[in-house]
Amino acid sequence: MVQNLRNVCIIAHVDHGKTTLVDFLLRQAGTFASHQRVDDRVMDSMDLERERGITIQAKNTAVRVGDTKINIVDTPGHADFGGEVERIMGMVDGAILLVDAAEGPLPQTRFVLQKALQQGLRLILVINKVDRPDARIDEVVNQAFDLFVDLGASEAQADFPIVYACARQGWCTLNRDEIPDLLSGAKKTTLKPLFDAILENVSKPKITDAGGFQLMVSNLSYSEFVGRLAIGRVISGTVKKGQRVTRRGIDAAGNPINEGFNISQLAVYEGLTQMPVLEVGAGDICV
């Protein structure tokens, strides 16, 4: 089961096209039924996020490519949410760095990228908006490389694959020379090269041999129907609906807290939907 999973996050500055890219990844992976109406910027669920086009809370979605499930986590892009960013990096095994072809890497990108590199993640660089008339693709690639080095990237991390994309038109390419033909319509492509890059460069989930079930919680939410929701990644073992588990934490004074409870519901992500399941295994992201 683990080899059929990839967990990846997307890092980008405001307005560099992160949410648009995820929209098209969902569409092209067949996440939505052919008759289903799909809003633009589907992952911007909070009113403020839709209004300002920013990501405040991390969201989760999942797409399937062949027999592989790709969990995609949309990271907060603000230093004010640094604690959440660090937790998100512990959930994934790779990251997509999305950069505007004209603006290049900006400060918001730098903060989250640094966290990803410190976590040892392998990154895929996506140069988006290559259709902009003021695009300066080669210079932006060089700026990104310099940023990686400046932030202490390892030799392997600095040897990142590069994908050139026009997210709003739903295509990308690994070949820089194909861009003029793709822009003119002489050639056609999709986001398949990005899907392939994820499968090739993002490692399978690492499983901890802890001798039992462990879930690393990265986010909390609440449902008026079932109560508290814990969103996270199964680090080891499996968990079943109805299972008795213990939440281990600390209080404000640093004293350990052990709180027992029963898991009333379990869900994994399929597209933007939380799909109820009876059991979740190590490596997957669940609620």
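Every chain is numbered independently, its residues counted from 1 as its sequence is written. Two thresholds apply to this predicted model, a pLDDT of at least 70 for residue-level local features and 80 or more for giving and counting side-chain atom pairs, whereas whole-chain, interface and lining totals are computed over all residues. Neither water nor hydrogens contribute to the side-chain values; these are computed over all heavy atoms in the structure.

Asker: Give a detailed account of the packing of helix α1 (residues 18-28) against helix α8 (residues 192-201), specifying residues and quantitative values.
Answerer: Packing of α1 against α8 leaves a shortest axis separation of 11 Å and a crossing angle of 90°. It follows from the interaxial angle that α1 and α8 lie roughly perpendicular. Residues Leu21, Leu25 and Gln28 of α1 form the contact with α8, whose own contacting residues are Lys192, Leu194 and Phe195. Classes in brief: Ala, Val, Leu, Ile, Met, Phe, Trp, Tyr, Cys and Pro nonpolar; Asp, Glu, Lys and Arg charged; the others, Gly included, polar. Each residue belonging to the contact of α1 with α8 can be placed in one class, and the counts come to four nonpolar, one polar and one charged. A fitted line through C-alpha atoms represents every axis, and for helices the fit uses only the stretch in contact; the resulting angles, taken between N-to-C directions, go from 0 to 180 degrees. Only DSSP runs of H or I with at least four residues qualify as helices, and only runs of E with at least two residues qualify as strands; both kinds are numbered from the N terminus onward. Our angle categories are set so that under 35 degrees counts as roughly parallel, over 145 as roughly antiparallel, 65 to 115 as roughly perpendicular, and the remainder as oblique. Contacts: residue pairs with any heavy atoms within 4.5 Å of one another.

Asker: Residue-level account of the confidence of the model for the protein chain, with values.
Answerer: For every residue, the pLDDT score states the predictor's confidence, bounded by 0 at the bottom and 100 at the top. The predicted model of the protein chain averages 85 in pLDDT, with 86% of residues at 70 or higher. Per-element confidence in the protein chain ranges from a low mean pLDDT of 41 for helix α2 (residues 47-52) to a high of 97 for strand β6 (residues 162-166). Low pLDDT, under 50, characterises residues 32-58; the predicted model gives this stretch 69 contacts beyond four residues in sequence or across chains.

Asker: Quick rundown of the pairing of strand β4 (residues 94-100)? Include the residues and the values.
Answerer: Counting buried residues in β4 gives seven out of seven residues, a clear majority hidden from the surface. The two faces of β4 match: Gly94, Ile96, Leu98 and Asp100 on one face and Ala95, Leu97 and Val99 on the other face are all buried. For strand β1 (residues 5-12) and β4, the ladder comprises five bridges, and the chain directions are parallel. Directly across from Val8, in β4, lies its bridge partner Gly94. We call a crossover right-handed when, viewed with the strands running away from us, the connection from the first strand over the helix to the second turns clockwise. What joins β4 to strand β5 (residues 122-128) is helix α4 (residues 107-118), and the crossover it makes is right-handed. Relative accessible area decides the class of each residue, using a 1.4 Å probe on protein chains only: under 20% of the type maximum gives buried, over 50% gives exposed, and in between gives partly exposed. For two strands to be treated as a pair, DSSP must find no fewer than two bridges joining them.

Asker: Please set out the sheet that holds β1 residue by residue, giving values where relevant.
Answerer: Reading across from one edge, β2-β3-β1-β4-β5-β6-β7 is the order of the seven strands in this open sheet, with mixed pairing throughout. Looking at the sheet topology across the chains shown, the edges are occupied by β2 (59-65) and β7 (171-173). Between one strand and the next, the sheet's axes are offset by a mean angle of 30°, whatever the strand orientation. Where β1 lies against strand β3 (residues 68-74), six bridges are found, and the strand directions are parallel. Along β3, the bridge assignment pairs Leu5 with Lys69. Docked against the sheet, α4 engages β1, β4 and β5, running at close to 150° with respect to β1.

Asker: Explain the pattern of salt bridges to me, using residue names and the numbers behind them.
Answerer: Any Lys or Arg side-chain nitrogen located within 4 Å of an Asp or Glu carboxyl oxygen qualifies as a salt bridge. Overall, the coordinates contain 17 salt bridges when judged by the stated rule. Where Lys129 meets Asp100, a salt bridge forms, and the shortest distance between an N and an O atom there is 3.6 Å. Of this pair, Lys129 sits in the loop between β5 and α5 (137-150) while Asp100 is found in strand β4, placing the two residues 29 residues apart along the sequence. Note on Lys129: relative accessible area 24%, which makes it partly exposed. The class of Asp100 is buried, set by a relative accessible area of 0%. Taken together, the shared-partner salt bridges connect Asp100, Glu103, Lys129, Arg132 and Asp134 into one network.

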